[in-house]
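What follows is each chain in one-letter form.
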Amino acid sequence: MPSQGNINTINFLELINGTIKIIVSSLKRHVFCLEYLEKSNSNLIPCVKEISFTYIPSSAEIITLNAFNKSEVKNDFVIGITIIKNSKDVNAMETYLNIYSEYEENGDFNIENLAQNCLNVQLNFIPHFHGHTELIEWKNDEIINREMVFLLTGSDSQFHIFREDMNSHSYQEINPEEYFPEFYKCTDIVTWIEIYYLNSKKERLTVFGTDTGYVRLCRICTKTNAILLNHSTNFISYVSHIKIYCENKIIPRPDFLLKAKYQKDQVNEVKEKLLLNVIIANTSVPSVFFRDCLTYGMDNYKTLRRCDPVSVTSCIEVADIDFDGHDEIVLGNSRQELLLYKFDKKEEEWRILETKNVVSPIFRIKYIDITSDGVRELVVFTMKGLYIFQHDADYIQKKLEEKLYSL
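Since the structure is predicted, the reported quantities are computational estimates derived from the model, not experimental observations. (Residues numbered from 1 in each chain as written. Predicted model: local features only at pLDDT ≥ 70, side-chain atom pairs only at ≥ 80, totals over all residues. Heavy atoms only, no water.)

Right, let's get into the overall build of the protein. Broken down by element type, the protein carries five helices and 27 strands. Considering the protein as a whole, with its 407 residues, one finds that 49% of them fall into the buried category. Put simply, 50% of the contacts in the protein that link residues at least 6 apart link residues at least 24 apart. Charged side chains of the protein number 44 positive and 57 negative; the gap between the two group centres comes to 4 Å. (Helix = DSSP H or I, 4+ residues; strand = E, 2+ residues; numbered from the N terminus. Buried < 20%, exposed > 50% of the residue type's maximum accessible area, 1.4 Å probe, protein only. Contact = heavy atoms within 4.5 Å. Lys, Arg positive; Asp, Glu negative; His and termini not counted. Charge placed at Lys NZ, Arg CZ, Asp CG, Glu CD.)

In terms of nonpolar packing, the biggest core is built from 51 residues, with Leu205, Val278 and Ile280 touching the most fellow members. For this core, the leading source of residues is strand 13 (residues 190–198), giving five residues. Once residues within four sequence positions are removed from consideration, Leu205 is found in contact with Glu194, Ile195, Tyr196, Leu198, Leu217, Cys218, Arg219, Ile244, Leu276, Val278, Cys293 and Leu294. Residues Tyr100, Phe109, Leu114 and Ala115 belong to the second largest nonpolar core, which totals 23 residues. (Core = buried A, V, L, I, M, F, W, Y, C linked by side-chain atoms within 4.5 Å.)

One open sheet accounts for four strands, arranged 5-6-7-8; its pairing is antiparallel. With one partner strand each, in any of the chains shown, strand 5 (60–69) and strand 8 (118–123) form the two edges of the open sheet. The mean inter-strand angle of the sheet, taken between neighbouring strand axes irrespective of direction, is 20°. For strand 5 and strand 6 (residues 77–85), the ladder comprises nine bridges, and the chain directions are antiparallel. Following the sheet pairing, Ala67 is matched in strand 6 by Ile79. (Pairing = 2+ DSSP bridges. Axes fitted to C-alpha atoms, helices over the stretch in contact; angles between N-to-C directions.)

Moving on: the packing of aromatic side chains. Under the criterion given, the structure shown has 16 aromatic pairs. Three or more aromatic residues joined by ring pairs form one cluster here, namely Phe159, Phe180, Phe183 and Phe208. When the ring centre of Tyr184 is taken as reference, the NZ or CZ atom of Arg216 above it lies at 3.8 Å. Sitting over the face of the ring of Trp138, Lys223 holds its NZ or CZ atom 5.3 Å from the ring centroid. (Phe/Tyr/Trp six-rings, centres within 6.5 Å; stacked < 30°, edge-to-face > 60°. Lys NZ or Arg CZ within 6 Å of the ring centre and 35° of its normal.)

The following block contains the structure:
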């Protein structure tokens, strides 16, 4: 990377055909797109291309980058980039949200074409968090509107939601509390927001943290906008990352296994209760794991012990790294370490199973199938660049054989 980015300057675009592109930006206006391409001999090669996004002046710096697909059946991506125009006069600094979109009639995704089609929204704050979420509107028992919106927070300690106005072909800011009542008054700068929809979109779990360590967890009824659960706590220090994940993943049994020997199991199969867990990382005290937040709120928790008391935890990922059917937790920190935690059922606590070092502080971790071979890789975004860790092929073969023999 020609200059460093931050935790908010990387995004993962999953195309309709299942392939994934990584877009990452640096402070000094450089935006790169990474993907794996298949050669004629079926070998995969990494391809990195710098993308020239319009309306980013030479004097500007990129603060955040975020993207989403507006459609579930075609490639209709929107990329949002926030920039700041530097000035010697602090009061004269200008910040903008640049929104890029371009629909290809043939269904292909061409990021270079998209980068040339820009809408500007001037901001009156310096962004600290930049994400997106679904905005859902109900009428009686029916969803009448589902759309993706940009969600930003910043130096003004406010929540900002930008929604597309189809009539004027622009993006307009809307009142966040009209659709997200959990975003009621907050006096601190919000540094991370995580949202998880459940119960067929009838409810959502929202968790956000601030620069002072304040954390709020709310369960919302999306049909009535009622707050069903409201918990809060304070970690005293900057909240760097939050992760919501489902512990009991329900994976449908393949059709070819629905034979006579399994029919009895299907009849007696009991629907499991949804278990949503939350992990919160902050800059001074150990990260905390909250289990079954829909039932216990923030009352049932475990601390993730760390090796070094002076390291700053910057990011979280949850993944079944060893293919045993149970998720592990991966943390990245300022001491250039990846920490792999596994739950010890006997001791009933999370223990560090393995550590791995890179050559610069870690900003973001993502466990995705970037090579499109059916096996996920661990993507690690650091101050100096991007790492992609792959599983050992022999280990994958061994695990696959074990699972096939157990059927």
